[in-house]
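Single-letter residue listing:
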Amino acid sequence: AREFLSAEYGIPESRVWIGSVARFEPSKRLEVLLEVAARLLAAGRDIHVVLMGAGCAEGTLRAKVATLGIEMRVTFTGELPEARRWLSGLDIFCFPSISEGMPNVLLEASMAQVPVVAWRLAFVEDLLPDGESARLATSEATYEMERAISDLIDSPMERRRLGLAARTRVTE
C-alpha cells in the first residue's frame, strides 16, 4: 500500500504519514488535522498528511492547506476504490470528527494495524481505550491531539504496539 501511494502521489516514504479517510464535509473536521500538521511541520517534524476521499468541503480544505503554507506536505488522493486497502500505508490514522456514531473507518484502521489518534469520546473509548489501543485527546484540545501525534512520530515501537493492540481488540 505504501509503495503504491508513494509512487502514485510522489510522497517520500521516509516521512511519517498521518492520514484520514473520509467524506470531505464540515462535520469530519479535517481542518483540525491540517492545523495540527502545520504546527508539527513548524516544529521541524518530517511528516506528510494523506487525505483519502472527496466531498463538498474539498475546496475549503485545499484553501486551508494553502493558507497554512503546507501544500508540499499534504496529498489529496481523491476517492480510492476500497480505501481500507490503502490504510496500511499510513503510520498514524487521525480521526478528528466529534459527531459520529460508530464509524467504520476506525474499525478499518484498527484492522490495518494503524495506530489511531482521536478525541476521547464515549464511542471511541469503548472501542479503543486510551493508551491501550489508541491515543485519545480531550475533545477540542488540539494541543493534546498534537502531543499524541508527536509522541507517536517519535516512537515507531509505540505505533506498532498500538496498531497490534487495536487489531486484537476489534477482532476479539
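Residue numbers restart at each chain and count upward from 1, following the sequence in its written direction. The model is predicted, so local features are restricted to residues of pLDDT at least 70 and side-chain atom pairs to those at 80 or more, both for listing and for counting; the totals for chains, interfaces and linings are taken over all residues. Note: side-chain values were computed over all heavy atoms of the structure, leaving out hydrogens and water.

(A) Examining the pairing of strand S3 (residues 74-78) more closely. Accessibility here uses a 1.4 Å probe with only protein chains present; expressed as a share of the type maximum, an area under 20% marks a residue as buried, one over 50% as exposed, and anything in between as partly exposed. A run of H or I in DSSP becomes a helix once it reaches four residues, and a run of E becomes a strand once it reaches two; helices and strands are each numbered from the N terminus. Of all the five residues making up S3, four are buried; the element is thus mostly covered by neighbouring parts of the structure. One requirement defines pairing of two strands: DSSP has to find at least two bridges between them. Inspection of the sheet shows strand S2 (residues 47-54) paired to S3 by four bridges, in the parallel sense. Note on S3: the bridge partner recorded for Leu51 is Phe76. Whether a crossover is right-handed comes down to one check: with the strands pointing away from the viewer, does the path from the first strand over the helix to the second run clockwise; if it does, it is right-handed. A crossover connection joins S2 to the parallel S3 through helix H3 (residues 58-68); in handedness this β-α-β unit is right-handed.

(B) Spatial organisation of the sheet that holds S2. Spatially, S3-S2-S1-S4-S5-S6 is the arrangement adopted by the six strands of the open sheet, whose pairing is parallel. One side of each edge strand has no neighbouring strand; the edge strands of this open sheet are S3 and strand S6 (135-137). Neighbour-to-neighbour, the strand axes of the sheet open up by a mean angle of 25°, direction not taken into account. We call two residues in contact whenever any of their non-hydrogen atoms come within 4.5 Å of each other. Throughout, an axis means a line fitted to C-alpha atoms (over the contacting stretch in the case of helices), and angles, computed between N-to-C directions, take values from 0 to 180 degrees. Strand contacts of helix H2 (residues 30-42): strand S1 (16-23), S2, S3, strand S4 (92-95) and strand S5 (116-119), with the helix running at about 165° to S2, the strand carrying the most contacts. Contacts from H3 reach S2 and S3, with the element oriented near 165° to S3.

(C) Main features of the packing of aromatic side chains. Two aromatic rings, drawn from Phe, Tyr or Trp (for Trp, its six-membered ring), form a pair once their centres lie within 6.5 Å of each other, and the interplanar angle then sorts them: stacked below 30 degrees, edge-to-face above 60, tilted otherwise. Enumeration over the complete set of coordinates arrives at two aromatic pairs. With a centroid separation of 4.5 Å and 25° between ring planes, the pair formed by Phe4 and Trp86 is classed as stacked. Pair noted here: Phe4 is in helix H1 (residues 2-9) and Trp86 is in the loop between S3 and S4, with a separation of 82 residues, a long-range link. For Phe4, a relative accessible area of 33% puts it in the partly exposed group. A relative accessible area of 11% places Trp86 in the buried class.

(D) Representation of the layout of surface pockets within the structure. Only protein atoms enter the 1 Å grid used here. Points where a 1.4 Å probe fits but cannot escape make up a cavity, open sets with protein on both sides within 12 Å along at least five of seven lines make up a pocket, and a residue lines them when an atom lies within 4 Å of a point. Grid points are joined across faces, edges and corners, and a volume is the space filled by probe spheres set on the points. Quantified by volume, the largest pocket comes out at close to 380 Å³. Looking at the lining of the largest pocket, the elements that each hand over two or more residues are S1, S2 and helix H4 (104-111).

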